[in-house]
Every structure is written in C-alpha cells, then in structure tokens.
Amino acid sequence: DQQVKQNSPSLSVQEGRISILNCDYTNSMFDYFLWYKKYPAEGPTFLISISSIKDKNEDGRFTVFLNKSAKHLSLHIVPSQPGDSAVYFCAAKDSGTYKYIFGTGTRLKVLA
Amino acid sequence: DGGITQSPKYLFRKEGQNVTLSCEQNLNHDAMYWYRQDPGQGLRLIYYSQIVNDFQKGDIAEGYSVSREKKESFPLTVTSAQKNPTAFYLCASSIGPASYEQYFGPGTRLTVT
C-alpha cells in the first residue's frame, strides 16, 4: 500500500525550461511534505519543504505547490540546469510522529 | 564539520552471517532513522528512534535489529533472518519538531552472497 506515489519514473527537460515533478499521497494525516535530491551512491539531500497549512513555498529556482483537496504536490524547477539531473524523492511526515514515508523517486535528466 | 557518517561504504558478507552497519551523527539530533533502498524503489523505513533508549519498527523491520544507547549512534544489525539483505542502506537524523528536514549519511551498500 503505497501512501506516497511518484507515478513518473523519469523525466527529460531541456536546459533553461521548467521541470515539474509530481507526487500524490493518500493519507490526509500527513502534516509536512519534503523534496529530496539524490545522486547515485550518495544519500539524499534536502531540497525544499512545505507545511500542510500552506499551498506554496519558494526557494530560489525551486517552488513546491501543495493541493490538499487533490492530495497532490509538485516541485517546479525554473530554469532547469544540467546539474539538476538527479533522482528526486518526495516524502511526507506522519503527524504526531517522526515517521516519514518516501515516494519511489523520479529521475530527472536536464539536457544541455 | 557536523554531519552523519556511515561506515563502511561497501560491505560484503556470506549468507547466514549477522552484520552491523554503523551510523554516527554529531548534529545533536534527537531522531535517527534507517532506510533501505532497492533498485527502482523508494526509501523504505526499517527502524526509527525519537530519543535515546527508544526505537520503533518501520515498514520493513523483520530481520533487522537496532539499538540507541547513545544520542549520536544508531547501529543497524542485519540478521540472518533477513531474506534479501543485499541493498543500499541509508541512515538519517532530524532535529525534532522544530525542523522536519532529515539529514542523510552517504549510505552503505551491503552485498550478501
């Protein structure tokens, strides 16, 4: 039972264009959502997060949007750069706990 | 430099042997986690600990054991009961309720033959 889903295993985008990575969840008790970036054979690094009481959070080129009614969040990267090529995981925190549920990841390739 | 260290980076074991993966953090974080990543899959939670001397099972705890005797250390033992132990193991920590971000170590790739 996958509570956090990333339905697109891969995405290719031209350098300079927008990358949009999507994530769906099923548990309405999640209170915090995060995006991580991961290179091969390394641990994920935190990118950006959003509380369930907000619908948008922006940090430089990265913006996360949360649509609670649709149980959907997305990460926008504008403009995309070749160095953004990595696997991106979305994660959700179970309220009242320190437990995090991760999606299966989307591999982004930014083409120069 | 503050951070999380995992050792070793690569580990090879024979089937039937227990093996312990090390995870140390000097970030003064209360919570620590162990995840497993398999090809084509996301990170799956094995165990997590919110505070010293306390830990909870995650989604795939069978065949694993942990201890949290010190705040900075959260070792994971992969026992012979784990049916498919070959995987990439990641340790993480988070400060607590004030900050939700998890900080990950570099990972240990365990191969059991």
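All values reported here derive from a predicted model rather than from experimental measurement.

Analysis parameters
Residues numbered from 1 in each chain as written. Chains lettered and ligands numbered in written order. Predicted model: local features only at pLDDT ≥ 70, side-chain atom pairs only at ≥ 80, totals over all residues. Heavy atoms only, no water. Helix = DSSP H or I, 4+ residues; strand = E, 2+ residues; numbered from the N terminus. Contact = heavy atoms within 4.5 Å. Salt bridge = Lys/Arg side-chain N within 4 Å of Asp/Glu carboxyl O. Buried < 20%, exposed > 50% of the residue type's maximum accessible area, 1.4 Å probe, protein only. Buried area = accessible area lost by both parts, 1.4 Å probe. Polar contact = N/O pair within 3.5 Å; in protein donor to acceptor, adjacent residues only side chain to side chain. Nonpolar A, V, L, I, M, F, W, Y, C, P; charged D, E, K, R; others polar. Pairing = 2+ DSSP bridges. Axes fitted to C-alpha atoms, helices over the stretch in contact; angles between N-to-C directions.

Peer 1: For this particular structure, what's the right way to read the side chain of Ser 73 of chain B?
Peer 2: Structurally, Ser 73 of chain B is set in the loop between β7 (64-66) and β8 (76-78). Setting aside anything within four residues of it in sequence, one finds Ser 73 of chain B in contact with Cys 23, Glu 24, Met 32, Ser 67 and Arg 68 of chain B.

Peer 1: Please clarify how the pattern of salt bridges should be interpreted in this entry.
Peer 2: When the charged atoms of two side chains with opposite charge come close together, those side chains can pair. Applying the stated criterion across every chain, the model contains six salt bridges over all chains. Asp 59 of chain B is the salt-bridge partner of Lys 99 of chain A, the closest N and O atoms lying 3.3 Å from each other. Here Lys 99 of chain A, found in the loop between β9 (86-94) and β10 (100-102), pairs with Asp 59 of chain B, found in the loop between β6 (54-57) and β7, and the two come from separate chains. When the shortest N-O distance is used, the salt bridge between Arg 44 of chain B and Asp 38 of chain B registers 2.8 Å. Overall, the relative accessible area of 29% leaves Arg 44 of chain B in the partly exposed class. Taking the relative accessible area as the measure of exposure, Asp 38 of chain B reaches 11% and is therefore buried.

Peer 1: Would you mind showing me how to read the interface of chain B and chain A here?
Peer 2: One widely used convention gives an interface's size as the accessible area the parts lose upon coming together. Each side of the interface is counted separately: chain B has 24 residues, and chain A has 19 residues. Overall, the association of chain B and chain A removes approximately 1900 Å² of surface from exposure, summing both partners, and the carbon and sulfur fraction of that is 63%. Inspection of the chain B/chain A interface yields one salt bridge. The interface formed by chain B and chain A includes four residue pairs in polar contact (both at pLDDT 80 or more). Taken together, the elements giving at least two residues each to the side of chain B that touches chain A come down to β4 (31-37), β5 (43-51) and β9 (87-94) of chain B. Looking at side-chain class alone, the side of chain B that touches chain A contains 12 nonpolar, nine polar and three charged residues.

Peer 1: Teacher, can you tell me more about the environment of Ile 4 of chain B here?
Peer 2: Residues and elements named next belong to chain B. Within the secondary structure layout, Ile 4 lies in strand β1 (residues 4-7). On the basis of relative accessible area, Ile 4 is assigned to the buried category, the value being 12%. A sequence separation of 79 residues divides Ile 4 from Lys 83, and the C-alpha atoms of the two residues are 28 Å apart. In this structure Ile 4 touches Cys 23, Glu 24, Gln 25, Leu 27, Cys 91, Ala 92, Ser 93, Tyr 103, Phe 104, Gly 105 and Pro 106, once residues within four positions along its chain are discounted.

Peer 1: Would you mind showing me how to read the sheet that holds β8 of chain B here?
Peer 2: Two orientations exist for strands paired in a sheet by backbone hydrogen bonds: parallel and antiparallel. All names here are of chain B. Ordered in space as β1-β3-β8-β7, the four strands form an open sheet in which the pairing is antiparallel. Edge positions in the sheet fall to β1 and β7, since each of these pairs with one other strand and no more. The sheet shows a mean angle of 20° between the axes of neighbouring strands, taken without regard to direction. Where strand β3 (residues 19-25) and β8 come together, three bridges link them in antiparallel fashion. Counted as the bridge partner of Val 19 is Val 78 from β8.

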